[in-house]
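Secondary and tertiary structure notes
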Amino acid sequence: MKMMVCFKAVPDLEMLSEEDWAADSNLKVDLSFVRNILNCFDESALEMALKLSDVSEGFDVLLNLTAFTIGDQKSDTYLKTLYALRFKKAVRIESNEDLRFFPDVTATVISQYVREINHQDVIVLGRQSGEGDNGKTPLLVAEMLEWPCITQVIRIEPDTEGSLKVTNMVDGGTLTQTITTPCVLSVGNAPNSYLRVPTLKDKMKYGKTPIEVLDIQQFNIQALLDDCRHGCELKGLEKISHKRQGIIIEGETPREKARILYDSYLKERLEKL
Amino acid sequence: MALTRAQIVEGLVKILGEEKVITDEQVLKESSIDRFRKYEDICGVYTQPIPAAVVKIENAQEVSAVLKFANENIINVVPRTGQSATEGGLETAVENSIVVDGSGMNKIVKIDPYNMQATCECGVSLQVLDDLLREQGYTTGHSPQSKPLAQMGGLVATRSIGQLSTLYGGIEDMVVGVEAVFPNGEITRIKNVPRRAAGPDIRHVIIGNEGALCYITEVTVKIFKYMPENNIFLGYTLENMKPGLEILREVMVEGYKPSVARLYDPEDGAYHFSHFADGKCVLIFMAEGPKAIAEATAKAIEEIAAKYDECKKVDTQFIKTWFDHLNWDPKKVAEERIEIAETQNIGFTTEVSGNWDIIHDIYEACCERVRNEIPDITMMGGHSSHSYVNGTNMYFMYYYNLVDVEPEEEITKYHNPINKIIVEETLKAGGSMVHHHGVGKHRTHWIKEEYESSYYILETLKKAFDPNGIMNMGTILPIKK
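Since the structure is predicted, the reported quantities are computational estimates derived from the model, not experimental observations. (Residues numbered from 1 in each chain as written. Chains lettered and ligands numbered in written order. Predicted model: local features only at pLDDT ≥ 70, side-chain atom pairs only at ≥ 80, totals over all residues. Heavy atoms only, no water.)

With respect to the overall build of chain B
- The number of helices and strands found in chain B is 18 helices and 18 strands.
- Compactness check: chain B gives a C-alpha radius of gyration of 22 Å against a globular reference of 23 Å for 481 residues, within 12% of the reference.
- Dimensions along the principal axes, computed over C-alpha positions, put chain B at roughly 70 × 60 × 45 Å.
- Going through the 481 residues of chain B one by one, you find that 57% of them count as buried.
- Counting only contacts in chain B whose residues sit at least 6 apart along the sequence, the fraction spanning at least 24 positions is 71%.
- As displayed, chain B offers around 19700 Å² of accessible surface, 51% of which is attributable to carbon and sulfur atoms.
- For chain B, the centre of its 48 positive side-chain charges and the centre of its 69 negative side-chain charges are spaced 5 Å apart. (Helix = DSSP H or I, 4+ residues; strand = E, 2+ residues; numbered from the N terminus. Rg over C-alpha atoms; globule rule 2.2 N^0.38 Å. Buried < 20%, exposed > 50% of the residue type's maximum accessible area, 1.4 Å probe, protein only. Contact = heavy atoms within 4.5 Å. Areas by Shrake-Rupley, 256 points an atom, 1.4 Å probe, with all protein chains shown as cover. Lys, Arg positive; Asp, Glu negative; His and termini not counted. Charge placed at Lys NZ, Arg CZ, Asp CG, Glu CD.)

Overview of the nonpolar core
- Formed by 49 residues in total, the largest nonpolar core has its most connected members in Ile247(B), Leu283(B), Phe285(B), Phe396(B) and Tyr398(B).
- Sorting elements by how many residues they give to this core places helix H15 (residues 356-373) of chain B first, with 8 residues. (Core = buried A, V, L, I, M, F, W, Y, C linked by side-chain atoms within 4.5 Å.)

So, the interface of chain B and chain A
- With 25 residues of chain B at the interface, the matching set in chain A holds 23 residues.
- Together chain B and chain A conceal approximately 2100 Å² of surface at their shared face, both sides included; 52% is due to carbon and sulfur atoms.
- Sorting the residues of chain B by area buried against chain A places His275(B), Glu342(B) and Thr378(B) first, and these three jointly supply 27% of that buried surface.
- Where chain B packs against chain A, one counts 2 salt bridges.
- The partner of Glu14(A) in a salt bridge is Lys331(B), and the shortest N-O contact between them spans 3.3 Å.
- Summed over the shared surface of chain B and chain A, the number is 11 residue pairs in polar contact (both at pLDDT 80 or more).
- At the level of elements, helix H11 (266-277), helix H13 (316-323), helix H14 (330-343) and strand E17 (377-384) of chain B are the ones that each hand at least two residues to the side of chain B that touches chain A.
- Per element, the largest residue contribution to the side of chain B that touches chain A is 6 residues, and it comes from H14(B).
- Class assignment of the residues belonging to the side of chain B that touches chain A gives a composition of 7 nonpolar, 9 polar and 9 charged. (Buried area = accessible area lost by both parts, 1.4 Å probe. Salt bridge = Lys/Arg side-chain N within 4 Å of Asp/Glu carboxyl O. Polar contact = N/O pair within 3.5 Å; in protein donor to acceptor, adjacent residues only side chain to side chain. Nonpolar A, V, L, I, M, F, W, Y, C, P; charged D, E, K, R; others polar.)

Section: a negative patch on the surface
Residue and element names in this part refer to chain B.
- Taken together, the side chains of Asp-357, Asp-361, Glu-364 and Glu-368 present a region of like negative charge at the surface.
- Relative to the elements of secondary structure, Glu-364 occurs in helix H15.
- Looking at Glu-364, the relative accessible area reads 44%, which means it is partly exposed. (Patch = residues over 30% accessible without salt bridge, like charges linked within 9 Å, V, L, I, M, F, W, Y side chains within 5 Å.)

Quick word on helix H1 (residues 5-16) of chain B
- An ideal rise of 1.5 Å per residue puts 16 Å on 12 residues; H1(B) measures up with 16 Å between its terminal C-alpha atoms.
- Elements in contact with the buried residues of H1(B): strand E1 (21-22), strand E2 (53-56), helix H4 (60-72) and strand E4 (98-101) of chain B. (Expected span 1.5 Å × (residues − 1).)

With respect to the packing of aromatic side chains
- All chains considered together, the criterion is met by 15 aromatic pairs over all chains.
- Arranged with centres 5.1 Å apart and planes meeting at 70°, the rings of Phe33(A) and Phe318(B) form a pair that is edge-to-face. Remark: Phe318(B) occurs in helix H13 and Phe33(A) occurs in the loop between strand E2 (9-11) and strand E3 (36-38); the pair is interchain, linking two chains. Accessibility assignment for this pair places Phe33(A) and Phe318(B) in one class, buried.
- Consider the rings of Phe348(B) and Tyr400(B), whose centres lie 6.4 Å apart with planes at 25°: the pair is stacked. Placement of Phe348(B) in strand E16 (residues 345-355) and of Tyr400(B) in strand E18 (residues 391-401) is noted, with a sequence separation of 52 residues between them. Comparing Phe348(B) with Tyr400(B), the two get one shared label, buried.
- Seen from the ring of Tyr271(B), Arg35(A) lies directly overhead, with NZ or CZ sitting 4.6 Å from the centre.
- Against the face of Phe348(B) rests Lys38(B), its NZ or CZ located 4.5 Å from the ring centre. (Phe/Tyr/Trp six-rings, centres within 6.5 Å; stacked < 30°, edge-to-face > 60°. Lys NZ or Arg CZ within 6 Å of the ring centre and 35° of its normal.)

And the structure:
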């Protein structure tokens with residue numbers, strides 16, 4: 001079974017101080033000084049695929065994993081790590097375009113790559129990235145490929161060569177279904193959020209495998225990109241205030257304050273649990 | 001005859017009252033360790049002897065009464081405040097210990113801006129003290145990574161050092177006076193004066209004693225003007241550690257005092273700097289103080305760095321952003337627990353020091369041996385973060401995957417063998433096996449080699465001040481079998 005996991009390296013926005021959020025004259029916030037991290041949902045998706053690979057052999061299913069990203073050379077460090085974690089192929093679509101708010105373009109590149117260059121049985125993506133927050137790419141990829149899409153996936157288990165057991169979050173609980181491939185899986189708030197770490201020996205042995213780099217221009221996205229750019233124009237940025245009302249508990253001693261806190265604010269909530 | 005657990009608790013209740021004597025089982029388990037055994041803690045497996053009680057003390061008199069009781073009945077006492085120790089210093093190595101918790105002694109006694117000193121009880125959080133000082137235009141100048149967690153008593157007891165040490169020094173350069181209680185119940189106070197030559201500097205009996213000689217109850221530290229508006233950050237990339245160490249040396253030898261002077265190797269730096277220095281060493285300085293001094297310091301460092309062709313300057317905003325996110329707060333500690341549990345990948349540090357002529361050899365030897373000899377290693381690197389005119393430290397960072405190992409085996413399979421390599425290589429080269437975390441309980445095996453002939457002084461101190469050996473058994477000095 002061929003499975004491709006799409007990921008994106010995003011700026012670690014937690015590193016920005018309040019003053020760093022000031023937009024420049026082009027209405028852009030400078031993110032160039034913060035380190036990159038794996039987008040959290042993508043990190044879950046990558047680890048989910050590796051966990052599936054760990055157990056697939058017991059089901060006589062050979063999982064062939066490809067890691068896929070669109071971006072510049074900064075993403076190579078993640079692709080090397082994924083090689084060291086035994087991904088069979090690592091692909092980067094070279095692009096310096098700002099695609100944060102254009103999921104149509106991203107989805108077009110992914111679907112074209114799978115349709116025309118490297119056929120896959122399953123595509124796994126994080127449901128959205130922290131910088132664009134569009135939440136559309138997995139659905140658009142599924143639509144373009146005319147494949148079914150399962151959203152809010154939290155677990156993938158092996159089934160047969162042509163199917164997977166997929167658990168996703170639904171209103172009021174979780175649902176486990178057997179899904180026939182091909183399919184798109186959009187990973188949500190999975191219980192596992194961190195990617196495992198390769199050993200130095202595996203980094204040396206596998207981490208130097210050449211990354212397949214393709215130019216984004218070969219996907220003929222320029223017209224679509226221009227359309228997207230003209231379709232929406234940023235007019236202004238305004239800070240949203242997230243201040244919440246607070247209460248200062250008055251009391252003579254910490255014991256008295258703790259008692260008031262418990263009696264007035266916690267007791268009722270705890271009893272409902 | 002030794003007191004039973006129940007008799008110990010009864011004795012403590014008589015001294016302190018029931019409310020200050022904690023015997024909750026989970027609290028006792030968690031109080032049997034520190035961050036050296038963080039994996040055992042995450043797994044809920046506690047292998048150390050569980051203490052008889054944790055006592056919450058509120059003043060020096062209470063500490064005196066508790067220590068006297070322990071001394072008379074030969075009960076091990078483990079002093080603690082902020083619980084951010086990393087080297088096993090808070091482990092209760094023997095049965096029925098008493099953990100004496102000073103975190104409730106959290107009054108800032110006096111801020112004296114005229115004499116530029118601040119006095120506080122042992123449980124005052126460094127973050128709280130420094131935030132308060134900064135509001136008034138002052139600072140302690142002490143900024144260890146544990147700043148949000150650590151408290152003043154523990155910082156002095158472990159001979160702590162902060163990220164601004166090249167300018168302000170370690171805690172030993174900041175402590176003016178100190179109050180401490182000895183095992184016989186004697187409450188001693190070293191007065192606050194700028195300097196004196198009335199015999200040996202007895203502050204150093206107390207600073208760095210790691211709770212193995214006495215209990216620190218109050219600390220007076222120097223304070224400094226806080227002028228962040230003058231801070232100048234400088235950052236460079238290099239291909240190798242050697243020229244970076246040469247630049248650090250030259251800055252020190254020429255007499256400049258940046259507050260921050262750090263050199264990261266590519267492995268250690270990857271976590272912080274991969275977005276601008278992937279695969280490279282990173283050299284960082286911060287100049288601070290009065291504007292003219294900060295500017296002159298920065299200019300001189302730039303001139304020194306410019307002499308090295310391979311040293312490439314980077315945008316200072318990279319360095320400022322990194323510096324603003326360096327400290328470990330409770331949120332980061334909580335996140336780390338989840339990450340370790342999920343990935344089964346865990347990291348620790350070992351910090352050593354050496355003169356300029358040996359530090360690079362120590363760095364190379366340790367990295368090579370750990371990479372080659374330790375199974376499942378995922379990262380081995382290091383940085384120099386505290387430099388002096390005669391040498392620098394090396395702060396080794398290492399991570400490994402936990403493979404086929406029970407929680408209680410983690411230390412013996414991975415952590416201790418790594419520590420052993422680093423300590424042995426450092427001592428062999430002539431460096432010190434501990435730069436600023438304290439000896440704790442897991443580097444005591446090499447304490448004689450560390451001290452060489454001066455071990456006599458250390459051993460005599462222990463015999464003199466703690467003749468019954470009740471203070472934090474197994475810390476600094478190994479337990480005699």
